[in-house]
Amino acid sequence: MSALKDRLQADLTAAMKARDEVRMRTIRMALAAINVAEVAGEKARELSDDEVIKVLTKEAKKRREAATAFSDAGRADRAQAELDELAVLEEYLPAQLSDEELNKLIDEAIAETGAQGPKAMGQVMKVLTPRIAGRAEGARVAQAVRARLSG
């Protein structure tokens, strides 16, 4: 079992003992998503820590989008609940890259591939994606790469 999944299991037990409803609900949801990912495909398997991070990143993105949708619909209480769950998930994710760090990685990838112009975005993203691995949202990375290549 991956170390991150072990940590989630231990934290779930602690949250149950503390009767922390938000943390308990969020960790249960995360573990359920991890279990679904483990049995997806032709045969069941254990996920590595990197794969667990990918699952948690997707779940965090869902919470972010749901919070935006709820706040746009005037449901501040539900939006806050989603943000609370997002805060719990972010404890298990790697620290997000700052704009400066992201731009530095983009510049290195562009130099490495020799990419020029917006048509070379795929080449840059192919090199850049493994280096970022859950530390920045894909849309944010794509937007920054597009801006660098066109300007």
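The structure presented is a predicted model; accordingly, all values stated were derived computationally and were not measured.

Cut-offs applied
- Residues numbered from 1 in each chain as written.
- Predicted model: local features only at pLDDT ≥ 70, side-chain atom pairs only at ≥ 80, totals over all residues.
- Heavy atoms only, no water.
- Domains from an automatic or database assignment.
- 1 Å grid on protein atoms, 1.4 Å probe; cavity = no way out; pocket = protein on both sides within 12 Å on 5 of 7 lines; lining within 4 Å.
- Points joined across faces, edges and corners; volume = space filled by probe spheres on them.
- Helix = DSSP H or I, 4+ residues; strand = E, 2+ residues; numbered from the N terminus.
- Nonpolar A, V, L, I, M, F, W, Y, C, P; charged D, E, K, R; others polar.
- Contact = heavy atoms within 4.5 Å.
- Salt bridge = Lys/Arg side-chain N within 4 Å of Asp/Glu carboxyl O.
- Buried < 20%, exposed > 50% of the residue type's maximum accessible area, 1.4 Å probe, protein only.
- Polar contact = N/O pair within 3.5 Å; in protein donor to acceptor, adjacent residues only side chain to side chain.

K.L.:
Can you help me understand the domain arrangement of the protein chain in this one?
P.N.:
It is common to report an interface's size as the accessible area lost on association of the parts. Domain annotation for the protein chain reports domain 1 (3-91) and domain 2 (99-150). Relative placement of domain 1 and domain 2: their C-alpha centres are 28 Å apart.

K.L.:
Could you clarify how one ought to interpret the layout of surface pockets in this entry?
P.N.:
In this approach, a probe sized like a water molecule rolls over the atoms, and the result shows the empty space that is left. There is about 530 Å³ of room inside the largest pocket. As for the largest pocket, its lining consists of 23 residues, of which Thr57, Ala133, Gly134, Ala136 and Gly138 are closest to the centre. Among the secondary structure elements, those contributing two or more residues to the lining of the largest pocket are helix H3 (49-72), helix H6 (121-132) and helix H7 (138-150). Counting residues per element, the lining of the largest pocket draws most heavily on H3, which supplies eight residues. Broken down by class, the residue content of the lining of the largest pocket amounts to 11 nonpolar, five polar and seven charged.

K.L.:
Help me understand the environment of Met121 in this model?
P.N.:
Relative to the helices and strands, Met121 is located in helix H6. When near neighbours in sequence (up to four residues on either side) are disregarded, Met121 contacts Ala142, Val145, Arg146 and Leu149.

K.L.:
So what exactly am I meant to see when it comes to the pattern of salt bridges here?
P.N.:
Pairing between side chains of opposite charge can happen when the charged atoms of each approach one another. The tally for this structure, following the rule as stated, stands at 19 salt bridges. A salt bridge links Glu82 to Arg63, with the nearest nitrogen and oxygen atoms 3.6 Å apart. With Glu82 in helix H4 (residues 76-90) and Arg63 in helix H3, this residue pair connects regions lying 19 residues apart in the sequence. Each of the two residues, Glu82 as well as Arg63, counts as buried. Linking Glu82 and Arg78 is a salt bridge whose minimum nitrogen-to-oxygen distance equals 3.1 Å. A residue pair is termed a helical-turn pair when its members lie 3 or 4 positions apart in one helix, as Glu82 and Arg78 do in helix H4 at four residues. For Glu82, a relative accessible area of 8% gives the class buried. In the salt-bridge network here, residues are joined through shared partners; they are Arg25, Glu59, Lys62, Arg63, Arg78, Glu82 and Glu85.

K.L.:
Would you explain the side chain of Ser2 in this entry?
P.N.:
Mapped onto the elements of the fold, Ser2 is located in the segment before helix H1 (3-18). Overall, the relative accessible area of 9% leaves Ser2 in the buried class. Within the structure, Ser2 has its side chain in polar contact with the side chain of Asp49 (distance 3.1 Å). Every residue in contact with Ser2, bar those within four places of it in the chain, is listed here: Glu46, Leu47, Ser48, Asp49 and Val52.

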